[in-house]
Amino acid sequence: MVIANGASSQYCSEQYHGAAPFSEVENQAARDYVLRHRANLASFVTIHAYSQMWLLPWAWTPAKPDDYEELKSLADNAVAALTAVHGTQYIVGSIPEVLYVASGSSIDWAKHASGAGVAYAYALELRDTGRYGFLLPEKFIKPTAEETWEAIKVMGHFFRKN
């Protein structure tokens with residue numbers, strides 16, 4: 001197996017690459033679903049916690065896709081709608097630009113022609129910025145959903161017009 005930047009062969013590492021691509025049943029199910037429906041997919045969005053970021057491909061390299069400006073424009077519009085709800089600030093950019101090089105990203109696979117070939121692929125890191133981390137208090141869950149929904153609606157309107 002080729003191990004690229006941002007991955008580890010140490011199974012206790014947060015960057016562990018797994019035994020093989022799609023070695024876990026959950027990843028296999030997601031892969032199979034996307035491949036089965038890719039002709040009808042306008043976008044691939046993976047939602048995580050936490051950091052308040054709207055992340056774009058590529059993750060495995062600092063290079064950006066040829067349509068990066070188009071991807072970023074839609075992301076900026078979605079984040080503007082999100083921020084308008086409760087004032088929550090998000091960072092928008094490619095994964096290496098905002099975080100670090102990371103191999104094995106699902107958005108890289110979803111966007112790349114050798115994967116699913118979905119034109120618009122994003123990874124969302126929802127609230128918060130680290131104070132609560134993965135243990136977001138209940139009082140923030142509904143506001144997070146409200147603002148995220150407004151961002152997703154912006155994407156839906158874009159795809160319906162285009």
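Residues numbered from 1 in each chain as written. Predicted model: local features only at pLDDT ≥ 70, side-chain atom pairs only at ≥ 80, totals over all residues. Heavy atoms only, no water.

**Regarding unusual backbone geometry**
A cis amide bond links Pro 57 with the next residue in sequence, Trp 58, at an omega value of -10°. Relative to the helices and strands, Trp 58 is located in the loop between strand E2 (53-56) and helix H2 (68-86). Residue Ser 51 is not a glycine yet carries a positive backbone phi of 150°. Looking at the secondary structure, you find Ser 51 in the loop between strand E1 (43-49) and E2. The exposure class assigned to Ser 51 is partly exposed, which follows from its relative accessible area of 22%. (Helix = DSSP H or I, 4+ residues; strand = E, 2+ residues; numbered from the N terminus. Buried < 20%, exposed > 50% of the residue type's maximum accessible area, 1.4 Å probe, protein only.)

**Considerations on the packing of aromatic side chains**
Using the criterion set out here, one finds 7 aromatic pairs in the structure. Geometrically, the ring pair formed by Tyr 120 and Phe 158 is edge-to-face, given 5.5 Å between the ring centres and 70° between the ring planes. Here the residue Tyr 120 occupies a position in strand E4 (residues 120-126), and Phe 158 occupies one in helix H5 (residues 138-161), the gap between them amounting to 38 residues. Exposure remark for Tyr 120: the relative accessible area of 9% places this residue in the buried category. With a centroid separation of 5.7 Å and an interplanar angle of 40°, the aromatic rings of Tyr 132 and Phe 140 are classed as tilted. According to the relative accessible area criterion, Phe 140 is partly exposed, its value standing at 23%. Every member of this aromatic cluster is reached through a ring pair, and the members are Tyr 120, Phe 158 and Phe 159. Above the ring of Phe 22, the side-chain terminus of Arg 31 is found at 4.9 Å from the ring centroid. (Phe/Tyr/Trp six-rings, centres within 6.5 Å; stacked < 30°, edge-to-face > 60°. Lys NZ or Arg CZ within 6 Å of the ring centre and 35° of its normal.)

**Regarding the pattern of salt bridges**
Inspection of the entire model under this criterion finds 6 salt bridges. With a shortest N-O distance of 2.9 Å, Asp 32 and Arg 31 are connected by a salt bridge. Residue classification places Asp 32 among the partly exposed positions, given a relative accessible area of 33%. Its relative accessible area of 24% is what places Arg 31 among the partly exposed residues. A salt bridge links Lys 72 to Asp 76; its shortest N-O distance comes to 3.0 Å. Separated by 4 residues within a single helix, Lys 72 and Asp 76 lie in helix H2, roughly one turn from each other. (Salt bridge = Lys/Arg side-chain N within 4 Å of Asp/Glu carboxyl O.)

Spatial relationships are all this shows, so hold off on functional conclusions.
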